[in-house]
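A closer look at the structure
Spelled out from the first residue to the last, the chains are:
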There are 2 protein chains.
Amino acid sequence: MEKVREIVREAMRLGNEDPRRIVHAFKVGLALVLVSSFYYYQPFGPFTDYFGINAMWAVMTVVVVFEFSVGATLGKGINRGVATLVAGGLGIGAHKIASLAGPTVKPILLVIFVFLQAAVSTFVRFCPWVKKRFDYGILIFILTFALISLSGFRDEEILDLAESRLSTVVIGGVSCILISIFVCPVWAGQDLHSLLASNFDTLAHFLQEFGDEYFEATEDGDIKEVVEKKRRNLERYKRVLDSKSEEEALANFAEWEPRHGQFRFRHPWKQYLAVAALLRQCAYRIDALNSYIDSDFQIPIDIKKKLEEPLRRMSSESGKSMKEVSISLKKMTKSSSCDIHVLNSQSACKALSTLLKSGILNDVEPLQMISLLTTVSLLIDIVNLTEQISESVHVLASLARFKNKKKSSTLFEKPDSRFIGRDMPIKSYENGHVVRILHDVDKLNNIDNSRGQSSQESCNHVATKIVADDSIHEKHEDGEIHVHANFLEDVDGNVMVNGRV
Amino acid sequence: MEKVREIVREAMRLGNEDPRRIVHAFKVGLALVLVSSFYYYQPFGPFTDYFGINAMWAVMTVVVVFEFSVGATLGKGINRGVATLVAGGLGIGAHKIASLAGPTVKPILLVIFVFLQAAVSTFVRFCPWVKKRFDYGILIFILTFALISLSGFRDEEILDLAESRLSTVVIGGVSCILISIFVCPVWAGQDLHSLLASNFDTLAHFLQEFGDEYFEATEDGDIKEVVEKKRRNLERYKRVLDSKSEEEALANFAEWEPRHGQFRFRHPWKQYLAVAALLRQCAYRIDALNSYIDSDFQIPIDIKKKLEEPLRRMSSESGKSMKEVSISLKKMTKSSSCDIHVLNSQSACKALSTLLKSGILNDVEPLQMISLLTTVSLLIDIVNLTEQISESVHVLASLARFKNKKKSSTLFEKPDSRFIGRDMPIKSYENGHVVRILHDVDKLNNIDNSRGQSSQESCNHVATKIVADDSIHEKHEDGEIHVHANFLEDVDGNVMVNGRV
């Protein structure tokens, strides 16, 4: 009784985790019933002589070929169909050649053919790229060749056998493919896309929460809640660490899929893997970082606090940029507000190094610094990786022809996208912050037509200054960009400006 | 022409990489020829009436079931056999029940049975542990059930169909299993065992070389050679990072395998995965460490040099302990000389912290320290992981019933293994090193019978002192242990002593 209840609970869990599993189970049942009725009724129907016992190949094909995603089903179906066709042809050829040699030599020749074919094909299956895409096809090739060439029939009967085997396989395969595409399709490509976006979300969440966890965990008395929260975070990002094989399988299936939704036939699935690999590198750093949250209780809180501001900003801005990437993936639009956050995290890095240079830690013992500086160095790694990731996502966006976002975003699209900056101190912040407002050109033209021409140079000038600084960039709802600059240094930051601000 | 040459080269590479692949290809050919001749000749032989067209199931079974390793072949063969038996029985039952309902309702009932069975079985395949071990069995279950229950034969003919299907599947499966076990067998368990040992080797190599790479790379003018060496190291340990799926597959197959060589039927394959997971964690740290070798040129060499001695020892001793584990795995003997190296690396950690406490880095800027201290913290992580790994390997050794090494090793087996220490300054080292020699009890008894009784206490006393120190332990060929102690502190290291020295 307890066992039954447990099984039901497990089944509920599997169904809740992904309700498409239940739909898939019914789809397989449906395909099998369709092909089975054909198999069941054919002894009495017009096909009797033609298909005979071979009709069971149709049933077999359905059971073996029907996979969860469209891509996997298509891949297996095409593999099976093509392999049956080729092996059938070769098998007939082998049978004919052997027949020429006379009845005593024939079986010997046939056995030699089968042996050689099986040995060579089996060896070819070890080749990595064959294994990846055509493993199943080669299996079916070995099988069909052996069955056809060895069958003890006369020559015309063997043709019938090959033909009926091929047509039943095609009937089964096509039923699978049609049902898998037209009845609640599960696209591997869509899954890969969502998986990547959700992995970005997961890491973004961790990084945005990191500041609080790192700097407040030791203060907070409510340890239970903190531990629980950590545990959840932990489990979530661990999923990113282990997602490699899932991503590779999905990308492999996705390459078989036709155009669907916003994905073309030759969607850049490989670039998804490239982005995912960088993201996983970042997750490894996060894994290490997480171990320092746990083990960090020995650092006095006042030492930690000295570096709180830049460290918080480094992690939260990296997190925000990942959040932006996740949103832009979900909407399939180009976005460069993530670049702003990358810039912000980089300027926080600079602020951190200025802080360290200023000798703020001079009176701290090196032993106490180990864990603190390791955290620092991991965060620096993460900031650098975030930049690489953002570049890699830009490549993905242009390869996959993501749409441009309207208005406020096109402002930041490309190095040559036209925008303009004006120095305009509005409020007086503490520490002598300078505030600039960047308008987009259209808006500005309405206000000030005369400056339209010089916008490009002026913007470059402003950008050069901003990039090299420790500054905070904020995007307001009305599309204006407020830049709060802390440090103004005279550095030639030209390289970094390109395609950034 | 160029293409053909490339294909030949690729084939040579695949064959050289693992010559068992070529043997496997021939084995598949052999099995297929054996079963095929049975299939080819049976229309004229005594089996004609019995098997008929169903003989092709034997050929199919061989092609589908024969896998590279014995474990995989056994798993698939058993899955296929059992599934055919169960599904055949249920299919006959379903057919009989449907027959009772009369000729009009029969096909409807049958189709409903097939639909339900296919849907439920397909859903069950999503369950992770079913997918892991019985996925293929359920596939065959769906297939056989559909084929048997839907076949348009009369009741006695259906029994024949089920029986001949089962017997041909058994013939095919048994041929595969016999050939795979008795002709140059490839044991998944043996492969997993060797993979783990070679992964230990790889990391040991990196750690033993790390000191030279880290401290000499900047001095050495011959950059080309260094870079080339690094690249090779890099590629080697990267293999450890990605070995997870391979290990899991091998462990999964290995569980099907019978006793072979020194592996029992229920060898603790799960513990192999546990050790491998720890080792992979260590490889992640090494990955990070490797990035610091590359990026480390900005640290002045004189700052690095200050910490050279303990850092070198930490990495080389961790490396040595992994090398010992690898050797003990290869020989399948228990070894605790790895524990000595773990202890040495821990005492190097202590020496490092003493060095840091002494203020050796006080005049270094924190900014310059980031990368150095990150290296330090990664090495500390590695030392800690090495200890965990060594414990995990001890668990493996006792679960897998590794043999005890003779003489010099039993000395260090367990906390209660009897040994004894005497203070015995032999040579005067620099820095006032103290040298102790630990004899094993038997040896000592020959020299000094009167101290036999108090050996246990005395050894604990000595051990307590040693563990807490910065000390180097060396094992000489004659089974004597020389302990060179640098620092002697009065610490209660009881916890660490247990089962260690």
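Whatever comes next refers back to the structure up there.
Here's what I pulled together on the structure shown here. Because the structure is predicted, anything quoted here is derived from the model rather than measured.

Some words on the overall build of chain A
- Scanning chain A for helices and strands turns up 19 helices and 6 strands.
- A buried classification covers 54% of the 501 residues belonging to chain A.
- Of the contacts made within chain A by residues no fewer than 6 positions apart, 78% connect residues no fewer than 24 positions apart.
- A total of about 22700 Å² of accessible surface is found on chain A, and carbon and sulfur atoms cover 59% of it.

Brief notes about the interface of chain A and chain B
- Contacts between the two partners involve 68 residues from chain A, matched on the other side by 68 residues from chain B.
- Summed over both sides, the interface between chain A and chain B buries roughly 6400 Å², with carbon and sulfur atoms accounting for 79% of that surface.
- Put simply, chain A and chain B have 2 salt bridges between them.
- Taken together, the links from chain A to chain B amount to 4 residue pairs in polar contact (both at pLDDT 80 or more).
- Counting only elements with at least two residues in the side of chain A that touches chain B, the list comes to helix 1 (2-17), helix 2 (20-41), helix 4 (56-65), helix 6 (105-124), helix 7 (128-150), helix 12 (269-295), helix 15 (337-357) and helix 16 (366-399) of chain A.
- No other element matches helix 2 of chain A, which puts 14 residues into the side of chain A that touches chain B.
- For the side of chain A that touches chain B, the per-class residue count stands at 49 nonpolar, 10 polar and 9 charged.

Details of the relation of the copies chain A and chain B
- Between the two copies, chain A and chain B, the superposition gives an RMSD of 0.0 Å; the rotation angle is 180° and the shift along the axis is 0.0 Å. The two molecules are tied by a two-fold rotation axis, judged by turn and shift. Residue Thr374(A), judged by its C-alpha, is the member of chain A lying nearest the rotation axis, at 2.4 Å.
- Counting the interface residues of chain A, we find that 100% of their copies in chain B are interface residues as well, pointing to one common contact surface.

Notes on the packing of aromatic side chains
- Tallied over the full model, the rule gives 21 aromatic pairs over all chains.
- Arranged with centres 5.3 Å apart and planes meeting at 75°, the rings of Phe126(A) and Phe68(B) form a pair that is edge-to-face. Residue Phe126(A) is located in the loop between helix 6 and helix 7, and its partner Phe68(B) is located in the loop between helix 4 (56-65) and helix 5 (70-100); the two belong to separate chains.
- Residues Phe263(B) and Trp269(B) carry aromatic rings whose centres are separated by 5.5 Å and whose planes lie at 35° to one another, so their mutual orientation is tilted. For the pair formed by Phe263(B) and Trp269(B), the shared burial category is buried.
- A network of ring pairs unites the aromatic residues Phe68(A), Phe123(B) and Phe126(B) as a single cluster.
- The residue whose ring lies beneath Lys76(A) is Tyr136(A), and the NZ or CZ to ring-centre distance is 4.8 Å.

What to know about the nonpolar core
- Phe200(A) and Phe200(B) are the most contacted members of the largest nonpolar core, which totals 130 residues.
- Sequence-distant contacts of Phe200(B), that is, excluding residues within four places in its chain, are made with Val275(B), Leu279(B), Met322(B), Val325(B), Ser326(B), Leu329(B), Ile389(B) and Val393(B).
- Counting residues in each nonpolar core, the second largest holds 84 residues, with Val59(A), Ile138(A), Ile140(A) and Val35(B) among its members.

Re the pattern of salt bridges
- Applying the stated criterion to the full structure yields 44 salt bridges over all chains.
- Two residues, Arg5(B) and Glu2(B), come together in a salt bridge whose shortest N-O distance is 3.7 Å. Of the two residues, Arg5(B) and Glu2(B) are both situated in helix 1 (residues 2-17); the distance of 3 residues between them amounts to about one turn of the helix.
- With relative accessibility at 46%, the residue Arg5(B) sits in the partly exposed group.
- When its relative accessible area of 46% is taken as the criterion, Glu2(B) is described as partly exposed.
- The partner of Lys305(B) in a salt bridge is Glu308(B), and the shortest N-O contact between them spans 3.0 Å.
- Within this structure, Glu10(A), Arg13(A), Glu17(A) and Arg21(A) form a network of salt bridges that share partners.

About the thresholds
Residues numbered from 1 in each chain as written. Chains lettered and ligands numbered in written order. Predicted model: local features only at pLDDT ≥ 70, side-chain atom pairs only at ≥ 80, totals over all residues. Heavy atoms only, no water. Helix = DSSP H or I, 4+ residues; strand = E, 2+ residues; numbered from the N terminus. Buried < 20%, exposed > 50% of the residue type's maximum accessible area, 1.4 Å probe, protein only. Contact = heavy atoms within 4.5 Å. Areas by Shrake-Rupley, 256 points an atom, 1.4 Å probe, with all protein chains shown as cover. Buried area = accessible area lost by both parts, 1.4 Å probe. Salt bridge = Lys/Arg side-chain N within 4 Å of Asp/Glu carboxyl O. Polar contact = N/O pair within 3.5 Å; in protein donor to acceptor, adjacent residues only side chain to side chain. Nonpolar A, V, L, I, M, F, W, Y, C, P; charged D, E, K, R; others polar. Least-squares fit on C-alpha atoms with pLDDT ≥ 70 in both. Phe/Tyr/Trp six-rings, centres within 6.5 Å; stacked < 30°, edge-to-face > 60°. Lys NZ or Arg CZ within 6 Å of the ring centre and 35° of its normal. Core = buried A, V, L, I, M, F, W, Y, C linked by side-chain atoms within 4.5 Å.

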